[in-house]
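Fold and geometry: a report
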Amino acid sequence: MATIWSDQRVGELNDDPAGTTSDAVRSRFQQDYDRLLFSTPVRRLSDKTQVWPMDDNDGVRTRLTHSHEVANLARSIGTRIHTANADLFSGADLHQVIQPMLSAIGLAHDLGNPPFGHQGEAAIGRWFEQRKEWIFTNHDKSARGLPTSIPDELHAEFLKFDGNPQTLRLITKLQTNIAHLGLDLTSATLAAAIKYPVGAANRDKKNPIAKKYGYFEAERALVEGLRKETGLGEGQRHPLTWIMEACDDIAYSVLDVDDAMKKGVISPDDVLASLRADTTTSKHAAVTKAQAKFEEVEAAGRRPELSRDIKIGYLRAYFIEALIEHASDSFVAAGKAITDFSHRTPLMDDSLLCEKLKSLARQHAFGNPGVLRMEARGAEAINGLMTAFWEAIHDRPPENFEDILARRSGAKNKYVFALISQNYLEDASRAANAGGIAASVRYRELRLLTDMLSGMTDTFTIKLWEELKGMQ
């Protein structure tokens, strides 16, 4: 029987469900979290941008610390919701199912992000945009037609490259496994990790949960198997995904501002003053509490540097508490609509405090000249590396065009091709037997290109571009 809490692993989707017993000590969902925690992509997050690329201040957040914080927030919100109304989780156990699932999808949610975050996604999209007149239909600029073109409805997978579907691909296919199953996570965890439960052809800008695509054509068969097991359909989001999304919003609003304060870009007094001056947040309980604590800190006579750090701590604590409460209450209020898959509005969309903090983050963090300068360097490096890797991937003799592993001819292309992960190469070769457009050589070439670029860390991207741009 299909259930959104299925602990059946990907490798068991065609087997007898009776074989899916849980470990005596750890549930399969707890094992999911552990498999993710010890995986290579999670470690790479330590050198991927949250806001401040390659920053010398090791006190600011990377994607790794951001992801751990999202996982922690998600577990807290899930616990609150379960305490308020356990029926919203259909009897699923809090400790064996809900908490580890939320921890797992929180930790995994950004694994597919390329170097330099959202600017990296944009840079990849721009590279394809500049070549869209031929790259989906022809061998190259000389306009020789491909045996199989990429359909128009799938162009968005490249023109609008997104880290969310890359996450699903990374954890289900691109990690080494004897049976080619990636990390072989449970059906429920993988279903909950799909933030936007539609393919590229079914995007709907008017629908918040379908405004982007959540899986590539290459993973369509996998997603269909997950849906058969969990009972979810196209456009139906797993209930826990709403919580993960809310926690990402909380982290972006509170903790990105927290980093800006830590770097001295804006002071805690300025943040509080901005909130008190805004009519939408001036009377918020968290703002009132913070103001009272600031007065206590100032009366204590501590040195200014210490007072500043104490104030930052109070702001972080009060704001996180307020937004956790808002997300939990919103989920409980919308519980029926969430569980019958008719809900459409993100849990934090009506939080004025969250929106104001996001505005401050955009102004003082994402808009900081130092951040913009490094993002520009990153975009240049990504553009150059995509060209270099494309030339290496596409450099095959005509008689071996279908063999993506065929020997390269140019010295530089041989070197660049040798840098590509063996995991990625194996998948690109095996996908020739997948059937449909995902088996076409051009689709496999482009997936291999984005696999390689999105898997890089910030430092590796810059260093490799510095090395390759001087080669002829």
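What you see is a predicted model, and the numbers here were worked out from it, not measured in a lab.

Turning to the layout of surface pockets, a few remarks are in order. Of the pockets and cavities examined, the largest pocket occupies roughly 940 Å³. Forming the walls of the largest pocket are 39 residues, and the residues nearest its centre are K173, H180, A218, A221 and L222. Here the residues of the lining of the largest pocket sort into 14 nonpolar, 12 polar and 13 charged. Estimates place the volume of the second largest pocket at around 780 Å³. At the level of secondary structure, the elements contributing two or more residues to the lining of the second largest pocket comprise α5 (117-129), α10 (239-262), α15 (352-366) and α16 (369-394). For the lining of the second largest pocket, the element with the most residues is α10, which contributes 7 residues.

This next bit is on the environment of Q291. On the secondary structure map, Q291 appears in helix α12 (residues 285-299). Residues Q291 and P268 lie 23 residues apart in sequence; the distance between their C-alpha atoms is 11 Å. Residues within four places of Q291 in sequence aside, it is in contact with L272 and R276.

What follows deals with the confidence of the model for the protein chain. Across the protein chain, the average pLDDT comes to 93, with 96% of residues at 70 or higher. Note on residues 16-21: pLDDT under 50 across the span, and 9 contacts to partners over four residues away in sequence or across chains.

This structure, assessed with the given rule, holds 11 aromatic pairs. Ring centres of Y314 and Y318 lie 6.0 Å apart, and the angle between their planes is 15°; this geometry places the pair in the stacked category. Residue Y314 and its partner Y318 are both found in helix α13 (residues 304-333); the two are separated by 4 residues, about one turn of the helix. For Y314, a relative accessible area of 26% corresponds to the partly exposed category. Members of the aromatic cluster, each reached through a chain of ring pairs, are W127, F128, W134, F136, F158, W390 and Y443. Above the plane of the ring of F417 lies R408, whose end atom (NZ or CZ) is 3.7 Å from the centre.

With that settled, consider the nonpolar core. Note on soluble globular proteins: their nonpolar side chains tend to be buried together. Counting residues in each nonpolar core, the largest one holds 70 residues, and the members touching the most others are L36, F128, F389, I420, L449 and L453. Beyond its immediate chain neighbours, meaning those up to four positions away, F128 contacts I135, F158, L159, M386, L446, L449 and T450. Judged by nonpolar contacts, the second largest core, of 66 residues, contains V97, I250, F319 and F341.

The subject of this paragraph is the pattern of salt bridges. Opposite charge on two side chains permits them to pair, given that their charged atoms come into close proximity. Following the criterion strictly, the structure yields 32 salt bridges and no others. Across the pair D451 and R169 runs a salt bridge whose closest N-O atoms are separated by 2.8 Å. Pair noted here: D451 is in helix α19 (residues 441-454) and R169 is in helix α7 (residues 163-172), with a separation of 282 residues, a long-range link. For the pair D451 and R169, a shared accessibility class is recorded, and that class is buried. Members of the salt-bridge network, linked through shared partners, are R61, E69, D258, D259 and R316.

Moving on to the environment of S253. Within the secondary structure, S253 sits in helix α10. For the pair S253 and F319, spaced 66 residues apart in the sequence, the C-alpha separation amounts to 9.3 Å. Setting aside anything within four residues of it in sequence, one finds S253 in contact with L323, C354, L357 and K358.

For any two helices packed against each other, the geometry comes down to the angle between their axes and how far apart the axes lie. Following both chains from N to C, one finds α10 and α15 inclined at 45°, their axes separated by 8 Å at the closest point. Judged by the angle between their axes, α10 and α15 are oblique. Note that α10 runs across α15; the crossing there is left-handed. Residue-level contacts link D249, Y252, S253, V254, D256, V257 and A260 of α10 to C354, L357, K358, L360, A361, H364, A365 and F366 of α15. Residues that form the contact of α10 with α15 fall into these classes: 10 nonpolar, 2 polar and 3 charged.

Attention now goes to unusual backbone geometry. Even without a glycine there, the phi angle at S90 is positive, about 55°. Mapped onto the elements of the fold, S90 is located in the loop between α3 (63-84) and α4 (94-108). One non-glycine residue, H180, lies in positive phi territory at about 60°. Within the element layout of this structure, H180 appears in the loop between α7 and α8 (187-193). Overall, the relative accessible area of 31% leaves H180 in the partly exposed class.

Contact geometry for α12 and α13: axes closest at 10 Å, N-to-C directions at 160°. Judged by the angle between their axes, α12 and α13 are roughly antiparallel. Taken as a pair, α12 and α13 cross one another with a handedness that is right-handed. Residues A286, K289, A290, K293, F294, V297 and E298 of α12 form the contact with α13, whose own contacting residues are S307, I310, K311, Y314, L315, Y318, F319 and A322. The residue makeup of the contact of α12 with α13, split by class, is 10 nonpolar, 1 polar and 4 charged.

Along the chain, the position of R396 falls in the loop between α16 and α17 (411-418). Residue R396 is classed as buried on the basis of its relative accessible area of 7%. Within polar-contact distance, the side chain of R396 engages the backbone oxygen of D403 at 3.3 Å. Among the polar contacts made by the side chain of R396, one reaches the side chain of E445 at a distance of 2.9 Å. With sequence-adjacent residues up to four places away left out, R396 is seen in contact with F401, D403, I404, A406, R408, V441 and E445.

Before going further, it helps to spend a moment on α17. Among the residues making up α17, those that are buried are N413, V416 and F417. One face of α17 carries all of its buried residues, which in axial projection span an arc of 100°. Seen from the open side of α17, the exposed residues pointing more than 90 degrees away from its buried face are A411 and A418. The secondary structure elements touched by the buried residues of α17 are α16, α18 (422-430) and α20 (458-468).

Calculation rules
- Residues numbered from 1 in each chain as written.
- Predicted model: local features only at pLDDT ≥ 70, side-chain atom pairs only at ≥ 80, totals over all residues.
- Heavy atoms only, no water.
- 1 Å grid on protein atoms, 1.4 Å probe; cavity = no way out; pocket = protein on both sides within 12 Å on 5 of 7 lines; lining within 4 Å.
- Points joined across faces, edges and corners; volume = space filled by probe spheres on them.
- Nonpolar A, V, L, I, M, F, W, Y, C, P; charged D, E, K, R; others polar.
- Helix = DSSP H or I, 4+ residues; strand = E, 2+ residues; numbered from the N terminus.
- Contact = heavy atoms within 4.5 Å.
- pLDDT = per-residue confidence, 0-100.
- Phe/Tyr/Trp six-rings, centres within 6.5 Å; stacked < 30°, edge-to-face > 60°.
- Buried < 20%, exposed > 50% of the residue type's maximum accessible area, 1.4 Å probe, protein only.
- Lys NZ or Arg CZ within 6 Å of the ring centre and 35° of its normal.
- Core = buried A, V, L, I, M, F, W, Y, C linked by side-chain atoms within 4.5 Å.
- Salt bridge = Lys/Arg side-chain N within 4 Å of Asp/Glu carboxyl O.
- Axes fitted to C-alpha atoms, helices over the stretch in contact; angles between N-to-C directions.
- Parallel < 35°, antiparallel > 145°, perpendicular 65-115°, else oblique.
- Left-handed = near helix turned anticlockwise from the far one by under 90°.
- Polar contact = N/O pair within 3.5 Å; in protein donor to acceptor, adjacent residues only side chain to side chain.
- Arc of directions from axis to C-beta.

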